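A closer look at the structure
One-letter residues, chain by chain:
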Amino acid sequence: MGSLVYDKEKLTDYVEQIQEYLRGQRKAFDIPLDLRGTEFQKAVWQALLEIPYGTTKTYSEIAREIHRPKAVRAVGSAIGANPVPIVVPCHRVIGKDGSLTGFAGGLDMKEQLLKIEGTLL
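The structure reproduced in this document is the subject of the present report.

Scoring rules and cut-offs
Residues numbered from 1 in each chain as written. Predicted model: local features only at pLDDT ≥ 70, side-chain atom pairs only at ≥ 80, totals over all residues. Heavy atoms only, no water. Phe/Tyr/Trp six-rings, centres within 6.5 Å; stacked < 30°, edge-to-face > 60°. Helix = DSSP H or I, 4+ residues; strand = E, 2+ residues; numbered from the N terminus. Patch = residues over 30% accessible without salt bridge, like charges linked within 9 Å, V, L, I, M, F, W, Y side chains within 5 Å. Areas by Shrake-Rupley, 256 points an atom, 1.4 Å probe, with all protein chains shown as cover. Salt bridge = Lys/Arg side-chain N within 4 Å of Asp/Glu carboxyl O. Core = buried A, V, L, I, M, F, W, Y, C linked by side-chain atoms within 4.5 Å. Buried < 20%, exposed > 50% of the residue type's maximum accessible area, 1.4 Å probe, protein only. Contact = heavy atoms within 4.5 Å.

Before going further, it helps to spend a moment on the packing of aromatic side chains. Tallied over the entire structure, the rule returns two aromatic pairs. A centroid spacing of 6.3 Å and a plane angle of 85 degrees characterise the contact between Tyr21 and Tyr53, whose relative ring orientation is edge-to-face. A residue pair is termed long-range when its members are at least 10 positions apart, and Tyr21 in helix H1 (residues 8-22) and Tyr53 in the loop between helix H2 (39-49) and strand S1 (57-58) qualify at 32 residues. The rings of Tyr21, Phe29 and Tyr53 are connected pair by pair, giving a single aromatic cluster.

Here is the structure:
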């Protein structure tokens, strides 16, 4: 494995797109992703990428979509391992009762992200 090298120029598109999203000016990202995880994790992350801007899904819905309806807790664990929150929108997953649950950045941040998307008023 190579060493990590900070390259501001290569990060420019990523920074700009996240800033645009946070200002409410971007609804989708078109930056390249190199997601690495188990096949199960990658299936969950792909399902997250398919949740439209401004909408939410439950952990149970994600489990059903990846054809593992009994794997709700495992879905939660895979979401928690998401290496690129916001870009892979794990904040769009909520509890089946509509409650905000688990987010690595904290529930306050999750609430703010959903407000940006107009999901919470």
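Here the narrative resumes.
Together, Tyr6, Leu11 and Val15 line one region of the surface with nonpolar side chains, adding up to about 320 Å² of accessible area. Inspection of the secondary structure puts Leu11 in helix H1.

Attention now moves to the nonpolar core. Within soluble globular proteins, side chains that are nonpolar generally end up buried alongside one another. Ranked by size, the top nonpolar core spans 22 residues in total, and within it Phe40, Val44, Leu48, Ile62, Val75, Ile79 and Val93 carry the most contacts. Elements with a minimum of two residues in this core: H2, helix H3 (59-65) and helix H4 (72-80). If one sorts the elements of this core by residue count, H2 sits on top with five residues. Setting aside chain neighbours within four positions, we find Val93 in contact with Leu48, Ile51, Lys57, Thr58, Tyr59, Ile62, Ile79 and Lys110.

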